[in-house]
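Listed below, chain by chain, are the residues.
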Amino acid sequence: MQKKNLVLIALFMALAYIGVPWIIGVSGRTDFYYTLTSVALLSIASGGVWLTFYIGRINIGQGAYALAGGYVSAVLMTQYGFSFWASLPLAGLFCAGLAVLIGLPILRLRGVYFAMVTLVLTEVMRLTALALSITQGAKGITSIPLPGELSVFGVTLVPDFSTMENPKVGFYWMAVTLMIIAFAVLWRIVNSRLGHLCRSLQQNEELASSIGVNTAYLRVIAYAISSFFGGIAGASFIAISQSIYPSSFQVVDSVNFMLNCFLGGLGYVLGPMLGTLMLYFGWDLLFTTGKYQLLIYSSLLIALMLALPNGVLSLLDRKKA
Amino acid sequence: MEQIIVNGLYLGAQYALIALGLTLIFSLMNVLNFAHGQMYVLGGFVTYTAVAQFKLPFVIGLVLSAVVLAVVGGLVEKYLFRPVIKKSRREESTMLLAAGIAFFLDAVILLVFGEKQRGIPKIIDGVFNWDFIIVMPYDRIVIGVIAILIIAAFILFMQYSRAGRAMRALAQDKVAATLMGVAVDRYSMLGFALGAALAGLVGGLLVTITGINLGMGGPASIKAFMMIMIGGAGVISGAIAGGFILGMMESVGLTVLSEYGDITYLVIFASLMVFLSLRPQGLMGKPWG
């Protein structure tokens, strides 16, 4: 089993790093770089949402942390002269800290209440970005520099993006690498003691706390990790678009992050990745249908839900059974 | 000050109607209806079509809105929510379905009615003016009164009719209600239809005053969520209280906070967070809904 998994992982990495650039090179569809970069980054944020599902909470507030992470990174880069690579973890940490502060009161809520509060949180973040002066209100922050060189002890790990002949390829590599790291971390968490405890929260919180699980602490930890992912994704996104506005991440995005998790399947670590790929690509492919795009897209979504209410990856269970 | 209170009451009556439908659906089926705002917009467009294009009286337009939305709601429950709830392992999966329906309704509205802002002429002209203490156009007063009458009728229906009693029993305890011979499927469908019809009615009422456009659905849903959080999800009195409280806060906030810029909703959201951390189940909700 372990060996089979390793082979699968190797195959996936070969596909992501060698296969995709090759296919794009052959077919000449360089616009896929941008699409796939977006998918990779969005799936990081969705992975965070998935972790909150794992402790039994419905999180529709990831857009808030993506926006916060984006703004932290943008402000650090444009006003304090940080490099992108330094601002990326700082944005994540800022979101994690924010999540602890916000999470302490709201994680006491459950079920639909928690879902609704997080939904409202996205709107709060947008309004805050509009009202504060450091975020420059509705004008947003524009002309954010491209990521510079990243070197450790004089060895250049990542060259300066502005010297690359095609920064899009650079972003693709960065996003895919980040995604693989994020999902490896997620997989490790799920298969650790922390993951087992989280599962106990998902099933029955009272029972878990009665046998000595520190539920309040676990909830906040999981939520903070989830928001860290959101912040990272948001910060990377604005590095690509080189601008950020209060409307960069809004309620629709938060809802989409949640949908990605549902669609892929809540029982699988890779669920959010697959869900993001399907939703984003599905939407893009339907672009040719013009004004019927939304109609077809939503009908497919509803049909998929009717056929596979437990997510696409639930097809795997049936084979086992 | 009097003006602010009257404005708040008028807003609150409409908000309470939206929240009532949402909370009814939630209490019966544990479904958070993301498509509620879209249903409200659809109701507005139905009234607009009936009144502005077919020259029907406003009242008939309202009734049509309620009927069309009731049919839509009933069908959505029977053919979409019911099978998914039966098959799904986690009941939250219905959220994906609800969001899909919201997108779908958006698409249908866009294709059928277009993206333009639509409105119908005032139903009554003139402005009520009491010494410049309270100034209120007559049509707003009429709409407010109609909204309050609908709320009263709804409460009476839920309290005293057989169907209303059955729905309240279902909301309280589904298993016990089934054992007592309540037809769960039929009343879930009826409840969903009724909830959707309420959303349609509000849309029909508002099209005379603010008009209606495609983009109003999402924000309306968010406001409705806030109202039922304030009052407590799944409780009828809570939805009404939540609606009036939000209406009042908006009305007061727009007046008092106007000098600090557009921060009314920021303040409302922030105070909602604080309130919910002190009382997670809302004003009148049962703990953990």
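Chemist: Any chance you could explain the overall build of chain B here in plain terms?
Modeler: Assigned secondary structure in chain B consists of eleven helices and two strands. Ordered by position in the sequence, the α and β elements of chain B form the string α-α-α-α-β-β-α-α-α-α-α-α-α. Against the 2.2 N^0.38 benchmark of 19 Å for 289 residues, chain B shows a C-alpha radius of gyration of 19 Å, consistent with a compact globule. A buried classification covers 52% of the 289 residues belonging to chain B. Of the contacts formed within chain B by residues at least 6 apart in sequence, a portion of 75% connects residues at least 24 apart.

Chemist: Looking at this structure, I do not really get the pairing of strand E2 (residues 134-137) of chain B. What am I missing?
Modeler: Residues in a regular strand project their side chains so that they alternate between the two faces of the sheet. Residues and elements named next belong to chain B. Bridge count for strand E1 (residues 127-130) against E2 is four bridges, and the pairing is antiparallel. Bridged to Phe128 within E2 is Met136. The antiparallel hairpin formed by E1 and E2 contains three residues in its connecting segment, where Asp131 sits at a positive phi of about 60°.

Chemist: I would appreciate a short explanation of the nonpolar core in the present structure.
Modeler: If you look at the biggest cluster of nonpolar residues, it comprises 199 residues, and the most contacted ones within it are Met258 of chain A together with Leu17, Ile18, Ala19, Leu20, Leu69 and Ala98 of chain B. Considering each element in turn, this core owes the most residues, 16 residues, to helix H1 (residues 2-29) of chain B. Non-local contacts of Met258 of chain A, meaning those with residues more than four positions away in its chain, are made with Val49, Ile58, Asn59 and Ile60 of chain A together with Met95 of chain B.

Chemist: Looking at this model, I keep getting lost on the environment of Trp50 of chain A. Mind explaining?
Modeler: Residue and element names in this part refer to chain A. Here Trp50 shows up in helix H2 (residues 31-54). C-beta crowding within 10 Å serves as the criterion here: with 31 such atoms nearby, Trp50 is assigned to the buried category. The spatial distance from the C-alpha of Trp50 to the C-alpha of Leu119 is 16 Å, given a sequence separation of 69 residues. With residues up to four places along the chain from it excluded, the contact list for Trp50 reads Cys261, Gly271 and Pro272.

Chemist: Hey, could you run me through the environment of Gly56 of chain A in this one?
Modeler: Summarising the element assignment, Gly56 of chain A is placed in the loop between H2 and helix H3 (62-79). If near-sequence neighbours (up to four positions away) are discounted, Gly56 of chain A is found in contact with Leu201 and Gln202 of chain A.

Chemist: Looking at this model, I keep getting lost on helix H4 (residues 84-106) of chain A. Mind explaining?
Modeler: Each α-helix turn comprises 3.6 residues. Residues three or four places apart therefore point the same way. Taking 1.5 Å as the rise per residue, H4 of chain A with 23 residues should run 33 Å; its terminal C-alpha atoms sit 32 Å apart, in good agreement. Of the residues making up H4 of chain A, those classed as buried are Phe84, Ser87, Leu88, Ala91, Gly92, Phe94, Cys95, Ala96, Ala99, Ile102, Gly103 and Ile106 of chain A. Of the surrounding secondary structure, the elements contacted by the buried residues of H4 of chain A are H3, helix H5 (111-131) and helix H9 (215-241) of chain A together with helix H11 (264-278) of chain B.

Chemist: I'm lost on the interface of chain A and chain B in this one. Help?
Modeler: In many analyses, interface size is given as the accessible surface area lost on bringing the parts together. Residue-level contacts link 38 residues of chain A with 42 residues of chain B. The set of elements that each furnish at least two residues to the side of chain A that touches chain B consists of H4, H5, helix H10 (251-264) and helix H12 (293-307) of chain A. The element contributing the most residues to the side of chain A that touches chain B is H5 of chain A, with 13 residues.

Chemist: How should the packing of helix H6 (residues 167-190) of chain A against H9 of chain A be read in this particular structure?
Modeler: Geometrically, a packed helix pair is captured by the angle between its two axes and the distance between the axes. Residue and element names in this part refer to chain A. Between H6 and H9, whose axes approach to 11 Å, the crossing angle comes to 175°. One element, H6, and the other, H9, form an angle in the roughly antiparallel class. Contact residues: H6 offers Phe171, Met174, Ala175, Leu178 and Ala182, while H9 offers Phe229, Ile232, Ser236 and Ile240. Residue classes in the contact of H6 with H9 are distributed as eight nonpolar, one polar and no charged.

Chemist: Help me out: how do you make sense of unusual backbone geometry in this one?
Modeler: For Gln242 of chain A, which is not glycine, the phi dihedral falls at a positive 60°. When you line up the elements, Gln242 of chain A lands in the loop between H9 and H10. With phi around 60°, Asn30 of chain B is a residue other than glycine that occupies positive phi space. Secondary-structure assignment places Asn30 of chain B in the loop between H1 and helix H2 (36-53).

Chemist: Even after reading the chapter, I still don't get helix H8 (residues 184-206) of chain B, so can you show me in this structure?
Modeler: With 23 residues, H8 of chain B extends 33 Å between its outermost C-alpha atoms, agreeing within 8% with the 33 Å of an ideal straight helix rising 1.5 Å per residue. The buried fraction of H8 of chain B is high, at 20 of 23 residues.

Chemist: Teacher, can you tell me more about the packing of H2 of chain A against H6 of chain A here?
Modeler: Residue and element names in this part refer to chain A. Between H2 and H6, whose axes approach to 8 Å, the crossing angle comes to 20°. On the basis of their axis angle, the class for H2 and H6 is roughly parallel. Note on packing geometry: the crossing formed by H2 with H6 is left-handed. In this structure, H2 contributes Tyr33, Tyr34, Leu36, Thr37, Ala40, Leu41, Ser43, Ile44, Gly47, Leu51 and Tyr54 to the contact, and H6 contributes Lys168, Val169, Phe171, Tyr172, Ala175, Val176, Leu178, Met179, Ala182, Phe183, Leu186 and Val190. Of the residues assigned to the contact of H2 with H6, the class counts are 19 nonpolar, three polar and one charged.

Chemist: Quick question: what am I supposed to make of the confidence of the model for chain B here?
Modeler: Interpretation of this model should avoid reading the predicted coordinates in detail wherever pLDDT is low. Here chain B averages 86 in pLDDT, and 99% of its residues register 70 or above. Overall fold confidence (pTM) sits at 0.84, and the ipTM for the predicted complex is 0.78.

Criteria and thresholds
All residue numbers refer to position in the chain's written sequence, counted from 1. Written order determines the labels here, with chains lettered from A and ligands numbered from 1. A pLDDT threshold of at least 70 governs which residues receive local features in this predicted model, and a stricter bar of 80 or more applies before side-chain atom pairs are shown or counted, although totals over entire chains, interfaces and linings include all residues. Put simply, DSSP H or I for four residues or longer makes a helix, DSSP E for two residues or longer makes a strand, and each gets a number counted from the N terminus. In this treatment the radius of gyration is a C-alpha quantity, and the globule benchmark scales as 2.2 Å times the residue count to the 0.38 power. Exposure is read from a count of other C-beta atoms within 10 Å of each residue's own; the residue is exposed at 12 or fewer, buried at 20 or more and partly exposed in between. C-beta atoms are placed from the backbone. We call two residues in contact when their backbone-placed C-beta atoms lie within 7 Å. Should DSSP find at least two bridges between two strands, the strands are regarded as paired. What we call a nonpolar core is a set of buried Ala, Val, Leu, Ile, Met, Phe, Trp, Tyr and Cys residues whose membership is set by joining through C-beta atoms within 7 Å. One less than the number of residues in a helix, times 1.5 Å, gives the span that helix is expected to have. Note on geometry: axes are lines fitted to C-alpha atoms, helical ones only across the stretch in contact, with angles between N-to-C directions running from 0 to 180 degrees. Each angle gets one of four labels, with under 35 degrees taken as roughly parallel, over 145 as roughly antiparallel, 65 to 115 as roughly perpendicular, and the rest as oblique. In this classification, the charged set is Asp, Glu, Lys and Arg, the nonpolar set is Ala, Val, Leu, Ile, Met, Phe, Trp, Tyr, Cys and Pro, and all remaining amino acids, among them Gly, are polar. A clockwise turn of the near helix away from the far one marks a right-handed crossing, whereas an anticlockwise turn of less than a right angle marks a left-handed crossing. Every residue carries a pLDDT, the predictor's confidence in it, which falls somewhere between 0 and 100.

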